[in-house]
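Fold and geometry: a report
What follows is each chain in one-letter form.
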Amino acid sequence: MPSAVWSGAISFGLVTIPIRLLPAAEDHSIHFRRVHLEDMGLVRNRKICEIDGEEVTSDEIGKGYEVAKDKIIPISDDELADMPLPTAKAIDVVAFVDRDSIDQIRLGDTYYLEAAGEVAAKPYTLLRKALERSAKAAVAKYALRGRERLGLLSVRENAMVLHQMHWPDEVRDPAELAPAPVELDEGEIEGALALMDTMELDGVSGFRDAYTDAVEQLIRAKAEGRTPAAPKAEAKPGRVVDLMSALEQSVQQAKKSRGERGEGATVHDMPTRKKAAAKKTAKKAPARKTAAKKTGGRRPRSA
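The shown structure was predicted, so the numbers you read here are calculated from the model rather than taken from an experiment.

**Some thoughts on the nonpolar core**
Counting residues in hydrophobic clusters, the biggest one holds 20 residues, and the most contacted among them are Ile10, Ile19, Ile91 and Leu113. The set of elements that each furnish at least two residues to this core consists of strand E1 (6–12), strand E2 (15–23), strand E7 (90–98), strand E8 (107–115), helix H2 (121–134), strand E9 (136–144) and strand E11 (159–165). Not counting the four nearest positions on each side in its chain, Leu113 is found in contact with Ile10, Ile19, Arg20, Leu21, Ile91, Tyr124, Leu153, Met160 and Leu162. Ranked by size, the runner-up nonpolar core spans seven residues in total, among them Ala137, Leu150, Leu152 and Trp167.

Take a look at the structure:
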């Protein structure tokens, strides 16, 4: 198991549960170093002061907040440490909500909660079982990496999980991203549903990171002095302009990829578009100029 990133206690009414916070996921990405191509020497980041042009050490670097152009207010670590932060060593449960009521876009990093010692075993199990039977999740406040955060406690098998949550004002409004209204007939919607049925799976545990596997093979071949094998290019289907034709071909390809016969591969009969609908020609919408959005400075959140 990885080392704990935080230790403290869950505050649940009058119950205190000593716990340790462990990352629930691992980073398997391949990380590269920046090198000088001429001699393969490592290229490092140097910390340079913009005023005197001198390189500075970590001991000479502090924090500052830019309140206006060319005006920075220094903030010391001691000043931040003296800020009132009741959740500094506690995950304070403030409410219980239905799990289904949580907007998934609010969820961020995930951590396992490990009971810290024998004294924590009973209250830890008590809260875990209560969450399981009630189908609820606990909303909690806690502090991590210098700021107060909002979290959600849930259960995974025999362990409790803490999902970091974005504060409401941190979630962008997607309304401006929606495309212009378009016309869809019922046949096109039914075709999309047929494709969804064909591609349905019981879970997502069988997927692999094919790109990372390929990069690892490339690195292994070059390290052993071998010529890397040429990557296999996936066959790309021809461009299909008609939406219904695209859906029908997609259903057939999905059937083939699952080892089923491709001929006539449909979950149910694909709906046929009406002739009148097929003759409709979509008018091209004129390009619209969008004014640049004005952005103001954000007031810093208290740590």
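**Section: the confidence of the model for the protein chain**
Close inspection of predicted coordinates is inappropriate for parts of the model with low pLDDT. With 79% of its residues at a pLDDT of at least 70, the protein chain reaches an overall mean of 78. Mean pLDDT values over the elements of the protein chain span from 40, in helix H6 (residues 275–278), up to 93, in E11.

**Quick word on helix H3 (residues 186–198)**
Here H3 is 13 residues long and its end C-alpha atoms lie 19 Å apart, about the 18 Å a rise of 1.5 Å per residue gives. Those residues of H3 not exposed but buried are Gly187, Glu188, Gly191, Ala194, Leu195 and Thr198. Buried residues of H3, viewed axially, fall in a sector of 115 degrees; they line one side. Along H3, the residues that are exposed and aim more than 90 degrees away from the buried face are Glu186 and Met196. Where H3 begins, one side-chain oxygen reaches toward the backbone nitrogen of Gly187, 3.0 Å away; that side chain belongs to Asp185.

**Concerning the pattern of salt bridges**
Scanning the model with the defined rule gives seven salt bridges in all. Across the pair Glu170 and Arg147 runs a salt bridge, and its minimum N-O distance is 3.1 Å. Of this pair, Glu170 sits in the loop between E11 and H3 while Arg147 sits in strand E10 (residues 147–156), placing them 23 residues apart in sequence. Across the salt bridge formed by Arg208 and Asp213, the nearest N and O atoms sit 2.9 Å from each other. Judged by relative accessible area, Arg208 falls into the exposed class, the value being 65%.

Cut-offs applied
- Residues numbered from 1 in each chain as written.
- Predicted model: local features only at pLDDT ≥ 70, side-chain atom pairs only at ≥ 80, totals over all residues.
- Heavy atoms only, no water.
- Core = buried A, V, L, I, M, F, W, Y, C linked by side-chain atoms within 4.5 Å.
- Buried < 20%, exposed > 50% of the residue type's maximum accessible area, 1.4 Å probe, protein only.
- Helix = DSSP H or I, 4+ residues; strand = E, 2+ residues; numbered from the N terminus.
- Contact = heavy atoms within 4.5 Å.
- pLDDT = per-residue confidence, 0-100.
- Expected span 1.5 Å × (residues − 1).
- Arc of directions from axis to C-beta.
- Polar contact = N/O pair within 3.5 Å; in protein donor to acceptor, adjacent residues only side chain to side chain.
- Salt bridge = Lys/Arg side-chain N within 4 Å of Asp/Glu carboxyl O.

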